[in-house]
Amino acid sequence: MSTFADRDGFIWYDGKLVPWREATTHVLTYTLHYGVGCFEGVRAYETPSGTAIFRLQDHTKRLFGSAKILGMAMPYSEDEISEAQLEVLRANKLSEAYIRPMVFYGAEGMGLRADGLKTHVIIAPWAWGSYLGAENLQRGIRVRTSSFTRHYVNSAMCRAKANGNYINSMFALNEVLRDGYDEALMLDTTGHIAEGSAENIFVVYGKALHTPDLNSCLDGITRRTVMQLARDFGYTVTERRITRDELYICDEAFFTGTAAEITPIREVDNRPVGTGTRGPVTEQLQTAYLNLVKGRSDHYPDWLAYI
């Protein structure tokens with residue numbers, strides 16, 4: 001059985017391209033024990049003009065913001081990390097890929113009081129289809145509200161895309177997967193909708209889109225993209241607190257994320273959303289988004305970084 005550790009190719013590791021199977025670190029690395037690290041999920045798409053990474057600079061900027069929040073000194077510049085993502089795609093000869101940059105502490109010390117820790121950076125790309133299933137981009141997914149609450153803003157640095165934060169997501173996702181659902185809906189500590197286990201959420205009422213404000217969710221790059229596209233189409237977009245029962249009676253709902261792209265939600269807590277199928281607004285935004293990332297649109301050309 002093939003594993004992620006047993007592959008051909010290269011991983012960018014601390015400034016060098018390392019053969020995939022040799023990109024290893026010690027079991028006493030600090031981040032493995034304490035979860036202090038941050039990462040990004042980035043996608044590259046094949047376009048008529050060649051392979052391009054979507055919103056590369058925005059992803060890199062968010063990675064550096066996460067590192068700053070966690071107090072991790074970055075050993076490279078934003079330009080160096082952006083160029084490294086292009087380099088690793090070229091080295092692996094990938095026309096489309098998911099890219100995982102990660103920042104972590106090494107094995108220079110152990111214990112919460114450890115000092116002198118070195119910040120390491122890896123960038124690994126691989127071919128990865130739609131995170132929630134290609135068929136679900138049209139059919140939509142079944143979602144259930146999780147019993148696990150999203151982190152309170154003062155219990156974890158929620159603006160950071162931090163490694164350790166995702167144990168919360170894993171609890172929520174595994175809980176609903178065991179019961180036969182596709183994804184979890186997470187509420188914040190006030191009982192309002194926050195996000196999925198790894199996606200932002202939008203609710204549609206007629207020509208109006210609503211999404212939780214950034215006090216309750218990650219500042220998603222795809223979220224920002226959808227908000228801009230929606231406004232371009234003439235929809236109003238409101239960031240606010242959203243109650244769970246609003247989702248039950250909305251016209252449409254969908255998740256967004258680099259991995260999930262734009263995935264319709266057809267059912268929440270055993271209640272059909274709208275007509276129980278992908279709605280017209282979701283389909284319109286989904287088509288516009290895929291045209292954009294695949295270079296089939298003239299809008300926002302600066303969002304594509306060609307390799």
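That block above? That's the structure.
The following paragraphs examine the structure supplied in this document. (Residues numbered from 1 in each chain as written. Predicted model: local features only at pLDDT ≥ 70, side-chain atom pairs only at ≥ 80, totals over all residues. Heavy atoms only, no water.)

Re the nonpolar core
Counting residues in hydrophobic clusters, the biggest one holds 27 residues, and the most contacted among them are Trp 12, Ile 53 and Ile 81. Those elements that place two or more of their residues in this core are β4 (42–47), α2 (56–70), α3 (78–92), β6 (97–105) and β7 (119–126). The residues contacting Ile 81, other than those within four sequence positions of it, are Trp 12, Thr 60, Leu 63, Phe 64, Tyr 76, Val 121 and Ile 123. Listed in part, the 23 residues of the second largest apolar core include Ala 230, Val 237, Leu 285 and Leu 304. (Core = buried A, V, L, I, M, F, W, Y, C linked by side-chain atoms within 4.5 Å. Buried < 20%, exposed > 50% of the residue type's maximum accessible area, 1.4 Å probe, protein only. Helix = DSSP H or I, 4+ residues; strand = E, 2+ residues; numbered from the N terminus. Contact = heavy atoms within 4.5 Å.)

Brief notes about the side chain of Arg 223
For Arg 223, the position within the fold is in helix α6 (residues 221–232). Residue classification places Arg 223 among the buried positions, given a relative accessible area of 2%. Side-chain polar atoms of Arg 223 contact the side chain of Glu 239, separated by 2.6 Å. Contacts of Arg 223, omitting those with residues within four sequence positions, involve Asn 200, Phe 202, Thr 211, Pro 212, Asp 213, Leu 214, Cys 217, Leu 218, Glu 239 and Thr 256. (Polar contact = N/O pair within 3.5 Å; in protein donor to acceptor, adjacent residues only side chain to side chain.)

Considering a nonpolar patch on the surface
Taken together, the side chains of Val 27, Leu 28, Leu 32, Tyr 34, Met 110 and Leu 112 make up a nonpolar region of the molecular surface, amounting to roughly 620 Å² of accessible area. Counting through the fold element by element, Val 27 comes out in the loop between β2 (16–19) and α1 (30–34). Residue class for Val 27 comes out exposed when judged on its relative accessible area of 59%. (Patch = residues over 30% accessible without salt bridge, like charges linked within 9 Å, V, L, I, M, F, W, Y side chains within 5 Å. Areas by Shrake-Rupley, 256 points an atom, 1.4 Å probe, with all protein chains shown as cover. Salt bridge = Lys/Arg side-chain N within 4 Å of Asp/Glu carboxyl O.)

A look at the pattern of salt bridges
Summed over all chains, the structure comprises 15 salt bridges. Salt-bridge contacts for Glu 195 lead to Arg 150; the nearest nitrogen and oxygen are separated by 2.6 Å. Here Arg 150 lies in the loop between β8 (141–145) and α5 (166–178) and Glu 195 lies in strand β10 (residues 193–196), a separation of 45 residues in the sequence. Looking at Glu 195, the relative accessible area reads 11%, which means it is buried. Relative accessible area serves as the criterion here: at 6%, Arg 150 is assigned to the buried category. Here Asp 269 makes a salt bridge to Arg 244, at a shortest N to O gap of 3.3 Å. Highlighted residues: Asp 269 in the loop between β15 (261–268) and β16 (271–272) and Arg 244 in helix α7 (residues 244–248), separated in sequence by 25 residues. Within this structure, Asp 6, Asp 8 and Arg 21 form a network of salt bridges that share partners.

Section: the packing of aromatic side chains
Summed over all chains, the structure comprises 15 aromatic pairs. Aromatic side chains Trp 12 and Tyr 76 sit 5.2 Å apart centroid to centroid with 65° between the ring planes, which places their arrangement in the edge-to-face category. Of this pair, Trp 12 sits in strand β1 (residues 10–13) while Tyr 76 is found in the loop between α2 and α3, placing the two residues 64 residues apart along the sequence. Given a relative accessible area of 18%, Tyr 76 falls into the buried group. Residues Tyr 98 and Trp 126 carry aromatic rings whose centres are separated by 5.3 Å and whose planes lie at 50° to one another, so their mutual orientation is tilted. Linking Tyr 98 in strand β6 with Trp 126 in strand β7, this pair joins segments that are 28 residues apart in sequence. (Phe/Tyr/Trp six-rings, centres within 6.5 Å; stacked < 30°, edge-to-face > 60°.)

Here we look at α6
Between its terminal C-alpha atoms α6 stretches 17 Å, which fits the 16 Å expected from 12 residues at 1.5 Å a residue. Looking at α6, one finds that the buried residues are Ile 221, Thr 222, Arg 223, Thr 225, Val 226, Met 227, Leu 229 and Ala 230. Taken from the residues just after α6, Gly 234 is the one with a positive phi, measuring 95°. (Expected span 1.5 Å × (residues − 1).)

Observations regarding the pairing of strand β5 (residues 50–54)
With 4 of its 5 residues buried, β5 lies for the most part within the structure. Taking the residues between adjacent antiparallel strands as the criterion, β4 and β5 are bridged by 2 residues. Bridge count for β5 against strand β17 (residues 304–306) is 3 bridges, and the pairing is antiparallel. For Ala 52, the partnering residue across the bridge sits in β17 and is Tyr 306. (Pairing = 2+ DSSP bridges.)

Side note on the packing of α2 against α3
Between α2 and α3, the least distance of the axes is 10 Å, while the angle of their chain directions is 125°. Here α2 is positioned oblique relative to α3, judged by the angle of their axes. The hand of the α2/α3 crossing is right-handed. Residues Leu 56, Gln 57, Thr 60, Lys 61, Leu 63 and Phe 64 of α2 touch α3, and the partners they reach there are Glu 78, Ile 81, Ser 82, Gln 85 and Leu 86. The residue makeup of the contact of α2 with α3, split by class, is 5 nonpolar, 4 polar and 2 charged. (Axes fitted to C-alpha atoms, helices over the stretch in contact; angles between N-to-C directions. Parallel < 35°, antiparallel > 145°, perpendicular 65-115°, else oblique. Left-handed = near helix turned anticlockwise from the far one by under 90°. Nonpolar A, V, L, I, M, F, W, Y, C, P; charged D, E, K, R; others polar.)

Notes on the environment of Ala 198
You can see Ala 198 is positioned in the loop between β10 and β11 (200–205). Given a relative accessible area of 44%, Ala 198 falls into the partly exposed group. With 61 residues separating them along the chain, Ala 198 and Ala 259 place their C-alpha atoms 8.7 Å apart.

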